[in-house]
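Given next are the chains, with one letter for each unit.
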Amino acid sequence: MRVKIVKDYKAISEAAADVVEAALKGKPDLVLGLATGSTPLGMYEELIKRHQGGMDFSKATTFNLDEYFGLSSDHQASYHYYMEEQLFRHINIDPANTYIPNGINPDPMEECKNYETQMKTAGGIDLQILGIGTNGHIGFNEPGAPFGGTTSLVDLAQETVNANARFFQKLDEVPRQAISMGIKSIMNCAEIVLLANGAHKADAVSQALLGPVTEKLPASVLQLHPNCLFIIDEAAAAKLPIT
Ligand code: F6R
């Protein structure tokens, strides 16, 4: 696992956009895995700017990590809505090539199976962008999620519900379940870039990088991935021993 420590959030966003840009240049029909939440917002802003300067997404395909269970794509807190607002409507990606689990499929098991099939049919994810929860989750794979898990309907940890309440009017409106790619689905991606900023992520980052590889800290599995880069700012790196 490689770690790039940069000064601040802006530098994370630019470094992450550099990785996406290089991947897209090397493979215009890139299959790109995307995350939501606060962390990748700056990277999306940067990608939009670069698209305005000519970066071409017309042949790319995207797969998002997760979607809240029970939220339709027009719900303002859904990840469908987020992706549309924060990226898709600003770039030249073909909407038919943007995949996000359908949070209102009445048969979530079928949805999960289809999502895995769609990823396989697309040839697998070339580059996956991840954030990290304060409890070490990746996607919505909460502590205890099996390393062998594929896309499934998962329960959100109370810590995650609390952390994500900022996107809703009231705490009770936060869905308690989500459809999320599993740890195995994430580990199958050819390249992974995890982004983290802020002092509140420092514990999770240091445990993911230096702690034991354990299902109790889902991101620790990334120590076993052959091509994974953490791009973190100084605040998120504060608990790492710097040589
Ligand atoms: C989002 C996702 C989550 C977030 C994580 C960090 O699609 O899968 O794992 O990346 O909860 O969220 P933020 O960036 O809001 O701190």
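What comes next concerns the included structure. Since the model is a prediction, treat every value here as computed from it, not as a measurement.

**So, the pattern of salt bridges**
Charged atoms that come close allow side chains of opposite charge to pair.
Part 1 of the argument: Tallying each qualifying case throughout the model produces ten salt bridges.
Part 2 of the argument: Of the charged contacts in the structure, one is a salt bridge between Glu46 and Lys49, with a shortest N-O distance of 3.4 Å. Here Glu46 and its partner Lys49 are both found in helix α2 (residues 41–52), three residues apart, which amounts to about one turn of the helix.
Part 3 of the argument: Taking relative accessible area as the criterion, Glu46 reaches 13% and is therefore assigned buried.
Part 4 of the argument: The partner of Lys239 in a salt bridge is Asp203, with the nearest N and O atoms 3.2 Å apart. Separated by 36 residues along the polypeptide, Lys239 in the segment after β10 (228–233) and Asp203 in helix α7 (residues 202–210) bring together distant segments of the chain.
Part 5 of the argument: Given a relative accessible area of 49%, Lys239 falls into the partly exposed group.
Part 6 of the argument: Linked by salt bridges that have partners in common, Asp18, Glu21, Lys25, Glu46, Lys49 and Arg50 make up one network.

**Quick notes on the pairing of strand β3 (residues 61–64)**
Taken residue by residue, a regular strand's side chains alternate between the two faces of the sheet.
Part 1 of the argument: Burial of β3 is two-sided: the residues Thr61 and Phe63 facing one way and the residues Thr62 and Asn64 facing the other way are all buried.
Part 2 of the argument: Following the chain from strand β2 (residues 31–34) across α2 to the adjacent parallel β3, one finds a crossover that is right-handed.
Part 3 of the argument: Across two bridges, the pairing between β3 and strand β5 (residues 98–99) is parallel. Residue pairing across strands places Phe63 opposite Tyr99, the latter belonging to β5.

**What to know about the site of the ligand**
Part 1 of the argument: As a structural note, the neighbourhood of the ligand is formed by 14 residues, with Thr39, Asp66, His137, Gly139 and Lys201 the closest of them.
Part 2 of the argument: Contact between the ligand and His137: an oxygen atom at 2.6 Å from a side-chain N or O atom of the residue.
Part 3 of the argument: Contact with the protein chains hides 94% of the accessible area of the ligand, taken as 410 Å² for the molecule alone.
Part 4 of the argument: Of the residues belonging to the shell around the ligand, the class tally is three nonpolar, eight polar and three charged.

What counts and how
- Residues numbered from 1 in each chain as written.
- Predicted model: local features only at pLDDT ≥ 70, side-chain atom pairs only at ≥ 80, totals over all residues.
- Heavy atoms only, no water.
- Salt bridge = Lys/Arg side-chain N within 4 Å of Asp/Glu carboxyl O.
- Helix = DSSP H or I, 4+ residues; strand = E, 2+ residues; numbered from the N terminus.
- Buried < 20%, exposed > 50% of the residue type's maximum accessible area, 1.4 Å probe, protein only.
- Right-handed = clockwise from strand over helix to strand, strands pointing away.
- Pairing = 2+ DSSP bridges.
- Near = heavy atom within 4 Å.
- Polar contact = N/O pair within 3.5 Å; in protein donor to acceptor, adjacent residues only side chain to side chain.
- Areas by Shrake-Rupley, 256 points an atom, 1.4 Å probe, with all protein chains shown as cover.
- Nonpolar A, V, L, I, M, F, W, Y, C, P; charged D, E, K, R; others polar.

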